[in-house]
Amino acid sequence: MIADQLILNKKTTKSDFGTDKKSESPVRSIAKALSWRVVGTLDTLLISYLLTGKIAVAASIASIDFVTKMILYFFHERAWNLVNWGKK
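Counting restarts for each chain: residues are numbered from 1 in the order of the written sequence. In keeping with the predicted nature of the model, local features appear solely for residues at pLDDT of at least 70, side-chain atom pairs appear and are counted solely at 80 or more, and the whole-chain, interface and lining totals rest on all residues. Side-chain metrics in this entry use all non-hydrogen atoms of the structure; hydrogen atoms and water are not considered.

Draft legend 1. Layout of helix H3 (residues 55-81). Here H3 spans 38 Å end to end across 27 residues, near enough to the 39 Å set by a 1.5 Å rise per residue. The contact definition used throughout considers only heavy atoms, calling two residues in contact when any of these lie within 4.5 Å. Where helices and strands are cited, they refer to DSSP runs of H or I of at least four residues and of E of at least two residues respectively, numbered from the N terminus. Lining the buried residues of H3 we find helix H2 (26-52). A helix is expected to span 1.5 Å for every residue after the first.

In structure tokens:
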């Protein structure tokens, strides 16, 4: 079943997020990335502060973490949107 979906299920016509109701728009992916990064950054800020005891260092670590992981999440989300496995 998984092999069928990953290997054997080849479409002859390509669809895009505008016509495919199962996929997400890039704007939705950005909104999800932002909301998740707020949660993740607060976690990083707290852990960094507990480890260093310095709020300035913790804030610097959390700021860098926010930007890099948001960008990585966006591209990760867009790549998964291209995979048909698990979509109905």
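Draft legend 2. Seen up close, the pattern of salt bridges. Salt bridge criterion: a side-chain nitrogen from Lys or Arg within 4 Å of a carboxyl oxygen from Asp or Glu. If you walk through the whole model with that rule in mind, you get three salt bridges. Note that Glu77 is salt-bridged to Lys32, the shortest N-O span being 3.0 Å. On the criterion of sequence distance, the pair formed by Glu77 in helix H3 and Lys32 in helix H2 is long-range, its members being 45 residues apart. Partly exposed residues are those whose accessible area sits between 20% and 50% of the maximum for their type, while under 20% is buried and over 50% is exposed, using a 1.4 Å probe and protein chains only. Accessibility expressed as a relative area gives 26% for Lys32, which makes it partly exposed. Notably, a salt bridge pairs Asp65 with Lys69, separated by 2.9 Å at the nearest N-O pair. With Asp65 and Lys69 both in helix H3 and four residues apart, the pair spans about one turn of that helix. For Asp65, a relative accessible area of 10% translates into the label buried. Given the relative accessible area of 40%, Lys69 is considered partly exposed. Salt bridges sharing common partners tie together Arg37, Asp65 and Lys69.

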